[in-house]
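So the chains spell out like this:
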Amino acid sequence: MDTHATFPQRVYLIVASIPEGHVTTYGDVALLAGSPRAARQVGGVLKRLPEGSRLPWHRVVNRHGAISLTGPDLQRQREALLSEGIMVSGDGHIDMERYRWHYDRP
DNA sequence: CACGTGACCGATT
DNA sequence: AAATCGGCCACGT
């Protein structure tokens, strides 16, 4: 990971590399971005994505395997996950054993 | 510079 | 098992 890149830039690269049909957690993204305790900031970055971004932000969930968004936003993320074959319960829970992405490579 | 704010997390009740 | 408590740190004001 390029340590000269800004935090949001690093987050973008990591999230962009999550394969379709898989998910990861805010904490893991923070870890890979080189700030192991900046999970909240990952959420902050995803919230402020530029309009029209193609980044698969919906593939990031919390440590419980649950969608952290609420209301209509929760439903939007749920639809996005369902549409790529990920099973999501009505209240936004995902089977992490099955869908969790394990990063491999420098 | 000094707060206040979270799409969070781990440890501790 | 679930709620609470600190800690965290990038960002805005």
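Here the structure is a predicted model, which is why all the values come from computation and not from measurement.

Definitions and limits used
- Residues numbered from 1 in each chain as written.
- Chains lettered and ligands numbered in written order.
- Predicted model: local features only at pLDDT ≥ 70, side-chain atom pairs only at ≥ 80, totals over all residues.
- Heavy atoms only, no water.
- Salt bridge = Lys/Arg side-chain N within 4 Å of Asp/Glu carboxyl O.
- Helix = DSSP H or I, 4+ residues; strand = E, 2+ residues; numbered from the N terminus.
- Buried < 20%, exposed > 50% of the residue type's maximum accessible area, 1.4 Å probe, protein only.
- Near = heavy atom within 4 Å.
- Polar contact = N/O pair within 3.5 Å; in protein donor to acceptor, adjacent residues only side chain to side chain.
- Nonpolar A, V, L, I, M, F, W, Y, C, P; charged D, E, K, R; others polar.

## Focus on the pattern of salt bridges
A side chain with one charge may pair with a side chain of the opposite charge, provided their charged atoms come close.
Then, number 1: Taken as a whole, this structure holds three salt bridges when the rule is applied.
Then, number 2: Between aspartate 28 and arginine 100 there is a salt bridge whose closest N-O contact spans 2.5 Å. Of this pair, aspartate 28 sits in helix 2 (residues 26-32) while arginine 100 is found in the segment after helix 5 (96-99), placing the two residues 72 residues apart along the sequence.
Then, number 3: Between glutamate 84 and arginine 59 there is a salt bridge, and its shortest N-O distance comes to 2.8 Å. Pair noted here: glutamate 84 is in the loop between helix 4 (71-82) and helix 5 and arginine 59 is in the loop between helix 3 (39-47) and strand 2 (60-61), with a separation of 25 residues, a long-range link. The burial state of glutamate 84 is the same as that of arginine 59; both residues are buried.

## Some remarks on the protein's contact with DNA strand B
Then, number 1: Around DNA strand B sit 14 residues, and of these Tyr26, Arg40, Gln41, Lys47 and Ser68 come closest.
Then, number 2: Sugar and phosphate atoms constitute 40% of the interface atoms of DNA strand B, taking the interface as everything within 4 Å of the protein.
Then, number 3: A distance of 3.0 Å is found between a base nitrogen of DNA strand B and a backbone nitrogen or oxygen belonging to leucine 46.
Then, number 4: For the surface near DNA strand B, the elements supplying multiple residues, two or more each, are helix 2 and helix 3.
Then, number 5: Here the surface near DNA strand B takes six residues from helix 3, the largest share from any one element.
Then, number 6: Here the residues of the surface near DNA strand B are counted per class, giving five nonpolar, six polar and three charged.

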